[in-house]
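# What the coordinates show
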Amino acid sequence: MTEPQPQLRVLADEAAARFAALEADPAHAGHLGRVELSREVLRWAEETFGQELTVASSMGDEVLLELIAQSAPSLDVFFLDTGYHFPETLATRDHYAERLHLRTVLPLLTVAEQDAEFGPRLHDRDPDRCCAMRKVDPLNFAVQGRRAWVTGMRRVDAPTRTDITLVGWDEKRSMVKINPIAAWDDEDVDRFAFEEDVHLNPLREQGYPSIGCAPCTRPVAPGDDPRAGRWAGKNKTECGLHT
Ligand code: SF4
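Residues numbered from 1 in each chain as written. Predicted model: local features only at pLDDT ≥ 70, side-chain atom pairs only at ≥ 80, totals over all residues. Heavy atoms only, no water.

### Brief notes about the nonpolar core
We count it as follows: Residues enter a nonpolar core if they are buried and are Ala, Val, Leu, Ile, Met, Phe, Trp, Tyr or Cys, with the set joined through side-chain atoms within 4.5 Å. Residue exposure (1.4 Å probe, protein chains only): buried if accessible area is under 20% of the type maximum, exposed if over 50%, otherwise partly exposed. Contacts are residue-level and defined by heavy atoms, with any inter-residue pair within 4.5 Å sufficient.
Core analysis: the largest hydrophobic core is formed by 46 residues, its most contacted members being Phe19, Trp44, Phe49, Leu53, Val176, Ile178 and Trp184. Those residues in contact with Phe19 that lie beyond four places of it in its chain are Leu37, Glu40, Val41, Trp44, Leu166 and Val167. Ala56, Val105, Ala142 and Trp149 belong to the second-largest nonpolar core, a separate cluster that totals nine residues.

### Focus: the side chain of Asp81
Formally: Secondary structure is summarised from DSSP: a helix means a run of H or I of at least four residues, a strand means a run of E of at least two, and numbering begins at the N terminus for each. Only four residue types enter the tally: Lys and Arg on the positive side, Asp and Glu on the negative side; His and the chain ends are excluded. By convention in these notes, a salt bridge is any Lys or Arg side-chain nitrogen within 4 Å of a carboxyl oxygen on Asp or Glu. Residues adjacent in sequence count toward polar contacts only when both atoms are side-chain atoms; beyond that, a polar contact is any pair of N or O atoms within 3.5 Å, and within protein one must be able to donate a hydrogen and the other to accept it.
Looking at where Asp81 falls in the secondary structure, it is placed in the loop between strand 2 (76–80) and helix 4 (87–97). There is no salt bridge for the buried Asp81, and the closest opposite charge comes from Arg93, which lies 4.3 Å off by N-O distance. A polar atom in the side chain of Asp81 sits 3.0 Å from the backbone nitrogen of Gly83. Those residues in contact with Asp81 that sit more than four places away from it in its chain are Leu90, Arg93, Thr104, Val105, Leu106 and Pro107.

### So, the packing of helix 5 (residues 111–118) against helix 7 (residues 127–142)
Helices that pack against each other are described as a pair by the angle of their axes relative to one another and the distance between those axes. The test is simple: Structural elements are reduced to axes, namely lines fitted to C-alpha atoms, with helices fitted over the stretch in contact, and the angle between N-to-C directions of any two is expressed from 0 to 180 degrees. Working definition: roughly parallel below 35 degrees, roughly antiparallel above 145 degrees, roughly perpendicular at 65 to 115 degrees, and oblique for all remaining angles. A clockwise turn of the near helix away from the far one marks a right-handed crossing, whereas an anticlockwise turn of less than a right angle marks a left-handed crossing. When residues are grouped by polarity, Ala, Val, Leu, Ile, Met, Phe, Trp, Tyr, Cys and Pro land in nonpolar, Asp, Glu, Lys and Arg in charged, and all others, Gly among them, in polar.
Close contact between helix 5 and helix 7 brings their axes to 12 Å; oriented N to C, the two are set at 140°. On the basis of the axis angle, helix 5 is oblique to helix 7. Judged by the twist between their axes, the crossing of helix 5 over helix 7 is right-handed. Residue-level contacts link Val111, Gln114 and Phe118 of helix 5 to Arg129, Cys130, Met133 and Arg134 of helix 7. Taken together, the residues that form the contact of helix 5 with helix 7 break down as four nonpolar, one polar and two charged.

### Focus on the UniProt feature "binding site: [4Fe-4S] cluster" (unreviewed entry) in the protein
Applied cut-off: UniProt positions are given in the numbering used here, feature names are shortened, and annotations may be inferred rather than shown by experiment.
Residues annotated by UniProt as "binding site: [4Fe-4S] cluster" (unreviewed entry) correspond here to Cys130, Cys131, Cys213 and Cys216. Across 87 residues of sequence, these annotated residues stay compact in space, with a maximum C-alpha separation of 11.0 Å. As for its placement among the helices and strands, Cys131 is situated in helix 7. On the accessibility criterion, Cys131 (7% relative accessible area) is buried. Inspection of the secondary structure assignment puts Cys216 in the segment after helix 8 (186–195). With a relative accessible area of 12%, Cys216 lands in the buried category.

### Overview of the site of the ligand
Stated formally: Nearness is judged by heavy atoms alone; a residue qualifies as near a molecule or strand once a single heavy atom is within 4 Å of it.
With respect to spatial proximity, 10 residues lie near the ligand, and among them Tyr84, Cys130, Cys131, Cys213 and Cys216 are the closest. Counting residues per element, the shell around the ligand draws most heavily on helix 7, at five residues. Classifying every residue of the shell around the ligand by side-chain character gives seven nonpolar, one polar and two charged.

Now the structure itself:
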């Protein structure tokens, strides 16, 4: 049964405190401890919310998808197909669609319809508006009727993400927001990917550590800020899904 929003908020706060304590426990220090805690978060989320839980995947969070396939394969997963993705990202989606309950969510307008209404290359002129129509609105549609959603965000992704918790509260959507791999660093990702033979988006080997829409994503040089290739040259660092 769905809790009224205040009870859901209390549930989120209690879970946040419990998982923060587990994270601080030396038993969960180190790579294997962090991986086990991520699995525990996913199992708790699946048991607590069942069909009222969904997972947002950008297909640049392959380790999260592998964890779900191993630990909570019945979860609903969705991919926002903005119409601007690299073919490699769509192929990655097709790969995981064979192992997960994965749905593709589309914007209201096709790219051609958006071009006709707002002019071509809106992403160059007004990326916030483009992201709002092609990412934020479809995400809000995709999470409708759910009480909780899962993301692949990590604290090391960006300066805007350093304080994310394993379990938190999405104020804007009045939902529980769950970030199972929040604590993973890049070494955790690389090691898990190697040890578990994770299927990776091929763009990773072409200099794309952070993968978004093709017009707004550039490869970066080794050692550079991984997100430097996102909206390069623009005063924008987030698509609006998490802000
Ligand atoms: S990332 Fe770029 S192309 Fe994709 S929705 Fe945002 S502005 Fe548009």
